[in-house]
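# Overview (structure and organization)
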Amino acid sequence: MRLSHVCRIQFLGFGLVVLMAIGFTIQILGIHFPKRRSVPNGREWIAEKPEGRPQVANTSNMIYSGKAATFLMSHQISPLRLMTVEPQPSYRTCRPRRHIMFLKTHKTAGSTILNLLHRYGERNGLFFALPYKYQFNYPSSFHSYRVKGYNASSRPHYDIMCHHMRFNYPEVRKVMPPDSFYFTILRDPATMAESSFSYYRVVSSAFKKAPNFKAFISHPSHYYRQGERSNHYARNPLWFDLGFNSDAPFTETYANAGIRAVEDTFNLVLLAEHFDESMILLKEELCWNLDDVVTFKMNSRETSRTLNREDIERLRAWSALDWYLYSHFNRTFWNKVEHFGRAKMDNEVRKLKERRQFLAKLCIEGSEPVGAEQIKEEAIKPFQFGQEKILGWPVRNDLPPEVRMRCVRMVTPELQYKDILDVHQFPVRASNGSVLLATPARSIGR
Ligand SMILES: Nc1ncnc2c1ncn2[C@@H]1O[C@H](COP(=O)(O)OS(=O)(=O)O)[C@@H](OP(=O)(O)O)[C@H]1O
């Protein structure tokens, strides 16, 4: 009798251990159990949900043609479904965050992040704190009166702020709600300098004076003078964008004080070199879905120069404050990944890459970025600046209109997207009340 009792306890204990092991494995792999939903009847698909509620879209009147039809049919799936946001896992207790401040640093993949913020905001009817042109009077320090429609007495409600600025927290705080999520992105100062040299050589005095990049790397101080035109791109540009003194001599005490200020203000600091991991961390922190953070690389150059070890060391030493900052947030970034779970992260990154590849096949003519001259539509032509060609994404013409529209939004560059949002938020009305298209600020200058 006692023996069978002991056996039963042992059996229950063993079962418990097996269940715990299964739960632990699920946790590590980050497997989500989506809500059970009704199987589509061939005509109906769960479509995008602006307010988080599923809507049913009838796709029976969709137009299919050419290669698109073959692609869509080969995947046995409705085109709308391809553009669908995955359902929220049923156990998720968090609520998507919608008050967001992104500090867009220069040459750090910020335009790609802007694209996802623009899309999310537009889809969810959020209100952007927009600059009058394309930047908040950069390189001057940010001031609230630079936000279109801002009025200190009436304090309009803004949800997202994301265009280039030199950060100035007291002024930003006046504009953004107190519960805003602050994030930014950093890049290794060496590769960043290579990108900046190519892009900003026409404007930065230090870059202009150097006969070539190699010469600049060998003797940066020979070409650099504090305060000369656009030299904030040439030394410690991250430090500058964060609102600090980029010409201050490096000391650990000073650098640590800056890092503490960033940590006190920003909820998350991302890394351009680890963009996909960054997107997963961002998605988790914002309680968003995978599709919200799927992007195509924006603002990339046709060619770039490879740096050798010595070049890298020199450039990091030249921008010592940025290198110290980057090294610190590189450590905290990987601590966050560790905390999230490496295996889970790998799994999520794999899903992100697959989704991007899938959407590239669906949306993009040839699936690869091309030079601006190969893109006919002004709405998606990349802005050209600097010494190298900036690439863009041609959208296939044989897609059903709604799908094509969503594809176009995924590759709409920052400047054109800002114009679209501006027109939505500040429609110019004729005397009869009809909406006139506002003059794109682009025609006035960046
Ligand atoms: N997803 C992703 N992953 C990694 N790197 C990326 C990504 N998206 C953009 N980029 C690279 O970021 C550089 C452009 O940065 P920005 O868009 O911030 O430039 S800008 O300041 O707005 O002009 C530019 O770098 P360079 O090509 O070295 O110039 C882009 O290639």
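Residues numbered from 1 in each chain as written. Predicted model: local features only at pLDDT ≥ 70, side-chain atom pairs only at ≥ 80, totals over all residues. Heavy atoms only, no water.

### Here's the deal with the environment of A272
Quick note on the threshold: Put simply, DSSP H or I for four residues or longer makes a helix, DSSP E for two residues or longer makes a strand, and each gets a number counted from the N terminus. In what follows, a contact means two residues having at least one pair of non-hydrogen atoms within 4.5 Å.
Here A272 shows up in the loop between β6 (268–271) and α12 (275–286). Sequence spacing of A272 and A320 is 48 residues, and the spatial spacing of their C-alpha atoms is 18 Å. The contacts of A272, once residues within four sequence positions are left out, are T108, A109, I185, L186 and R187.

### Here's the deal with the pairing of strand β3 (residues 100–103)
Which entries qualify depends on this criterion: Burial classes: relative accessible area under 20% of the type maximum marks a residue as buried, over 50% as exposed, and values in between as partly exposed (1.4 Å probe, protein chains only). Being paired, for any two strands, means DSSP has found at least two bridges between them. Orient the strands so they point away from the viewer, and a crossover whose first-strand-to-second-strand path over the helix runs clockwise is right-handed.
Burial along β3 is two-sided: the residues I100 and F102 and M101 and L103 are all buried. Pairing of β3 with strand β4 (residues 160–161), which is carried by two bridges, proceeds in the parallel orientation. Following the sheet pairing, M101 is matched in β4 by M161. Following the chain from β3 across helix α4 (residues 110–123) to the adjacent parallel β4, one finds a crossover that is right-handed. Strand direction decides the pairing type here: β3 and strand β5 (residues 181–186), joined by four bridges, are parallel. Looking at β5, one finds that F102 is bridged to F183.

### Re the packing of aromatic side chains
Here is the rule: Stacked, tilted and edge-to-face pairs are distinguished by plane angle, under 30 degrees for stacked and over 60 for edge-to-face with tilted covering the rest, among Phe, Tyr and Trp rings (Trp via its six-membered ring) whose centres lie within 6.5 Å. Counting as a charge over the ring demands two things of the Lys NZ or Arg CZ atom: a distance within 6 Å of the ring centre and an angle within 35 degrees of the ring normal.
Per the stated rule, a full pass over the model turns up 30 aromatic pairs. Aromatic pair F333 and W334: ring centres 5.1 Å apart, planes at 85°, arrangement edge-to-face. One aromatic cluster is present, built from ring pairs that chain together Y138, Y199, Y200, Y233, F240, F383 and F385. Stacked on the ring of F240, the Lys or Arg R166 has its end atom at 3.8 Å from the ring centre. Residue placement shows R316 over the ring face of W323; its charged tip is 3.9 Å from the ring centre.

### Thoughts on the site of the ligand
In plain terms, the rule: Residue proximity to a molecule or strand is established when one non-hydrogen atom of the residue lies within 4 Å of it. A 3.5 Å cut-off defines polar contacts: any pair of N or O atoms within that distance qualifies, except that in protein one atom must be a possible hydrogen donor and the other a possible acceptor, and neighbouring residues in sequence count only when both atoms are side-chain atoms. Using a 1.4 Å probe, the Shrake-Rupley method yields the accessible areas, and only the shown protein chains count as cover for residues. All residues other than Ala, Val, Leu, Ile, Met, Phe, Trp, Tyr, Cys, Pro, Asp, Glu, Lys and Arg, Gly among them, are scored as polar; the first ten of these are nonpolar and the last four charged.
Of all residues adjacent to the ligand, which total 21 residues, the nearest are K104, S111, T112, S195 and R301. Here K107 contributes a backbone N or O atom positioned 2.9 Å from an oxygen atom of the ligand. About the coverage of the ligand: the protein hides 90% of its 650 Å² of free accessible area. For the shell around the ligand, the class distribution of residues is six nonpolar, ten polar and five charged.

### Some remarks on the state of the cysteines
Condition: Only a pair of cysteine sulfur atoms within 2.5 Å counts as a disulfide in this structure description.
Throughout the structure, instances matching the rule amount to two disulfides. Here C94 pairs with C287 through a disulfide, and the sulfurs are 2.1 Å apart. An S-S torsion of about 75° defines the bridge between C94 and C287 as right-handed. Taken together, the residues C94 in the loop between α3 (79–82) and β3 and C287 in the loop between α12 and α13 (309–318) connect sequence positions 193 residues apart. Its relative accessible area of 38% is what places C94 among the partly exposed residues. The buried category is assigned to C287, whose relative accessible area is 2%. Disulfide pairing is shown between C363 and C407; the S-S distance is 2.2 Å. On the sign convention where negative is left-handed, the bridge of C363 and C407, at about -65° about the S-S bond, is left-handed. Within this pair, whereas C363 is found in helix α15 (residues 342–363), its partner C407 is found in helix α16 (residues 401–410), the two being separated by 44 residues in sequence. On the basis of relative accessibility, which here comes to 0%, the residue C407 falls in the buried class. For the protein chain, the bonded cysteines connect in the pattern 1-2, 3-4 when numbered consecutively along the sequence.

### Quick look at the packing of helix α11 (residues 252–265) against helix α14 (residues 320–340)
Operational definition: Helix axes use the C-alpha atoms of the stretch in contact, all axes being lines fitted to C-alpha atoms, and the angles between their N-to-C directions lie in the range 0 to 180 degrees. Orientation labels follow simple angle bins: below 35 degrees gives roughly parallel, above 145 gives roughly antiparallel, 65 to 115 gives roughly perpendicular, and whatever is left gives oblique. Whether a crossing is left-handed or right-handed is set by the direction in which the near helix is turned from the far one by less than a right angle, anticlockwise for left-handed and clockwise for right-handed.
Across the interface, α11 lies against α14 with an axial gap of 10 Å and an inter-helix angle of 50°. Taken together, the axis directions place α11 and α14 in an arrangement best described as oblique. Crossing of α11 against α14: the hand is right-handed. For the pair α11 and α14, the contacting residues are E252, Y254, A255, N256, I259, V262 and E263 in the first and L321, Y324, L325, H328, F329 and T332 in the second. Residue composition of the contact of α11 with α14, by class: eight nonpolar, three polar and two charged.

### Some words on the confidence of the model for the protein chain
What counts, and what does not: pLDDT expresses, on a scale from 0 to 100, how confident the predictor is about each individual residue.
Per-residue pLDDT for the protein chain averages 85, and the proportion of residues at 70 or more is 76%. Low pLDDT (under 50) marks residues 23–65, which in the prediction has 74 contacts with non-local residues, meaning those over four places away or in another chain. Predicted confidence for residues 439–446 stays below pLDDT 50, and this span has 21 contacts to residues more than four positions away or in other chains.

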